[in-house]
Amino acid sequence: MKTKLDAVNKKNILCIGAGYVGGPTMAMIAAKCPDYRVTVVDINPQRIAAWNSDDLPIYEPGLDELVRTVRGKNLFFSTDIEGGIRDSDIIFVSVNTPTKTFGAGAGMAADLQYWEKTARQILENSVSNKIVIEKSTLPVKTALAMERILNSQPNGISFDVLSNPEFLAEGSAIRDLENPDRILIGSRETKRGRSARNTIVEIYARWIPRDRIITTNIWSSELSKLVSNAFLAQRISSINAISALCEKTEADVTEVARAVGMDSRIGAKFLNASVGFGGSCFKKDILNLVYLCRFYGLEEVADYWESVVNINAYQQERFIMNMMTAMFNTLAGKRICIFGFAFKADTGDTRESPAIFIAKRLLEEHAEVVISDPKALDNARIDLSGLAGVLDYREDPYEAAAGCHALAVMTEWGIYRTLDYERIYREMAKPAFIFDGRNILDHAACFRIGFNVYPIGKPPLTHFDS
Ligand code: NAD
Ligand code: UGA
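Before going into details, it helps to say that this report is about the structure given with it.

### Here's the deal with the state of the cysteines
Summed over all chains, the structure comprises zero disulfides. Residue C404 stays outside any disulfide, its sulfur separated by 4.9 Å from that of C337, the closest cysteine.

Shown next, in the form of structure tokens:
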């Protein structure tokens, strides 16, 4: 139902999918375009209820404040998907596109069932022309399928399909949305396609300089998103591969990364060696790229990109084996405290977090596992539910570490840098170990306190005779 408000609203924007991307992105558009009415819909009523409450469904610095300024004014969260489609001029589709778990392409290809359902729902409920925008990350050429579904009925309604992939990173989503490196909008290179594209350029141009809004053909746009994530992940796997060599040669991976990254052609970002990258997208998007390459018969290209994911798995298993070797070749019965369960700092998201793999492997080795995280304990409980073994969850890091044989740092939360490690050491079993999967602690200081310290890609600092 249109309301009086719509008389002053220039256009109605709908976003289908109220997740990590849909919610924050639409909140920013609503804040920057007060004359647009923005509605975010989802099939999950709990998620929508949370977006309408004081306890938002995701944690992201600055999100609460942003949502508070626009919700109920020109930003609305609703479960009425059909009504939303009917009333909208512009539809962003931001549903999840996970890796397929069944049938052809299982474990590799993108599962497009949610995507396709949305396309059919848009067709069934549309009574006016619409611009439909792929916000989700999709395999190149998905827009073709969307166009074919939308144009399958001669109903006099025209649909323009655009690609506008999202590049925000979790933990810095609001900053990224406010001040993005670039906005990418792809369309068909036809008069209509370009005109639809300009409509979306005008929205972003409200707050983003024009030279940072780039337009391309639709296939380049779809592919650029997959390739951006693949390049970012490739840098992490590259430095992680080198961290293994550093550990064999007494080189220090932080020093190597600094020396390499100061070459302006290479750059310093995304060269932090770690226990491995996590998050809902890197692995999924690379596997999707690999699947596409194999589909087109490009085996060598597929193998090249697949190795980025393989190194990530290797790095995680290597972390466990390093723990095992350092702790006298057995983890059984030892109590290990995991500092951080989120896949990165400043988020409660644990999707594909290396901590999940590490916790499972520790339990397989019959270690007892205590998990601490400032924001991700609820998700950790879900991720590890039903696993056999001794598992404990403590928000307070001091309580979590007490009585443990080792600390394993999995997430680069700022608080872990500033804890009182003297106190932690006093309350731990001896000899006490630290395995710093993020290289964020002051290793020399921890060593002086008495810990045996095992960083990533650096010589360990131990009190044992060699
Ligand atoms: P998410 O799982 O947090 O949210 C997706 C939402 O879509 C869910 O709430 C789900 O209930 C809803 N949904 C699914 N099918 C629906 C339907 N038919 N109708 C209405 N709602 C439906 O996922 P996300 O992290 O927001 O990611 C969405 C897309 O954006 C993915 O393709 C992802 O690759 C991409 N992406 C994510 C990020 C990120 O940081 N998470 C960044 C850039 C791009
Ligand atoms: C990533 C991209 O950075 C975004 O541009 C993209 O939009 C998003 O994926 C997506 O498509 O979902 P995100 O996964 O939220 O964002 O977070 P990143 O900062 O990229 O970190 C990913 C993982 O790599 C984390 O586990 C992080 O700890 C790890 N990482 C990152 C390292 O191990 N080393 C680094 O140097 C950088």
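Structure shown, so let's carry the discussion forward.
### A few points about a nonpolar patch on the surface
Where nonpolar side chains cluster on the molecular surface, the patch consists of F295, Y296, L298 and V301 and spans about 410 Å² of accessible area. Mapped onto the elements, Y296 comes out in the loop between α12 (282-295) and α13 (299-326).

### Focus on the site of ligand 2
By nearness alone, 21 residues border ligand 2, and L168, S274, C281, F343 and R438 come closest of all. Measuring from an oxygen atom of ligand 2, one finds a backbone N or O atom of E170 at 2.8 Å. One nitrogen or oxygen atom from the side chain of R438 is found 2.6 Å from an oxygen atom belonging to ligand 2. Looking at the shell around ligand 2, the element that brings in the most residues is helix α10 (residues 218-249), giving four residues.

### Structural notes on helix α2 (residues 22-32)
With nine of 11 residues buried, α2 lies mostly within the body of the structure. G22, G23, P24, T25, M26, A27, M28, I29 and A30 are the residues of α2 that are buried.

### A closer look at the pairing of strand β4 (residues 90-93)
Side-chain alternation along β4 places I90 and F92 on one buried face and I91 and V93 on a second face that is also buried. One ladder, built from four bridges, connects strand β1 (residues 12-16) with β4; its direction is parallel. Looking at the pairing, C15 lines up with F92 of β4. Pairing geometry for β4 and strand β5 (residues 130-134), over four bridges, is parallel. When the bridges of β5 are listed, I90 appears paired with I131. With helix α6 (residues 113-125) bridging β4 and its parallel neighbour β5, the resulting β-α-β unit is right-handed.

### Some remarks on the environment of C33
Note on placement: C33 falls in the loop between α2 and β2 (37-41). Owing to a relative accessible area of 0%, C33 belongs among the buried residues under this scheme. For C33 and N74, which are 41 residues apart along the polypeptide, the C-alpha to C-alpha distance reads 8.8 Å. In this view, C33 contacts N74, I203 and R206; residues no more than four positions away in its chain are not counted.

### Notes on the side chain of N229
Here N229 shows up in helix α10. Under the relative-accessibility criterion, N229 is labelled buried at 7%. Among residues more than four places away in sequence, those in contact with N229 are C281, F282 and D285.

### Details of the site of ligand 1
The immediate surroundings of ligand 1 are formed by 26 residues, with D42, R47, T97, E170 and K284 found nearest. In this structure, an oxygen atom belonging to ligand 1 sits 2.6 Å away from a side-chain N or O atom of D42. Contact distances for ligand 1 include 3.5 Å between an oxygen atom and a side-chain N or O atom of N96. When grouped by side-chain class, the residues that make up the shell around ligand 1 number nine nonpolar, 10 polar and seven charged.

Calculation notes
Residues numbered from 1 in each chain as written. Chains lettered and ligands numbered in written order. Predicted model: local features only at pLDDT ≥ 70, side-chain atom pairs only at ≥ 80, totals over all residues. Heavy atoms only, no water. Disulfide = S-S within 2.5 Å. Patch = residues over 30% accessible without salt bridge, like charges linked within 9 Å, V, L, I, M, F, W, Y side chains within 5 Å. Areas by Shrake-Rupley, 256 points an atom, 1.4 Å probe, with all protein chains shown as cover. Salt bridge = Lys/Arg side-chain N within 4 Å of Asp/Glu carboxyl O. Helix = DSSP H or I, 4+ residues; strand = E, 2+ residues; numbered from the N terminus. Near = heavy atom within 4 Å. Polar contact = N/O pair within 3.5 Å; in protein donor to acceptor, adjacent residues only side chain to side chain. Buried < 20%, exposed > 50% of the residue type's maximum accessible area, 1.4 Å probe, protein only. Pairing = 2+ DSSP bridges. Right-handed = clockwise from strand over helix to strand, strands pointing away. Contact = heavy atoms within 4.5 Å. Nonpolar A, V, L, I, M, F, W, Y, C, P; charged D, E, K, R; others polar.

Interpretation note: all reported values are geometric properties and have no functional meaning in isolation.
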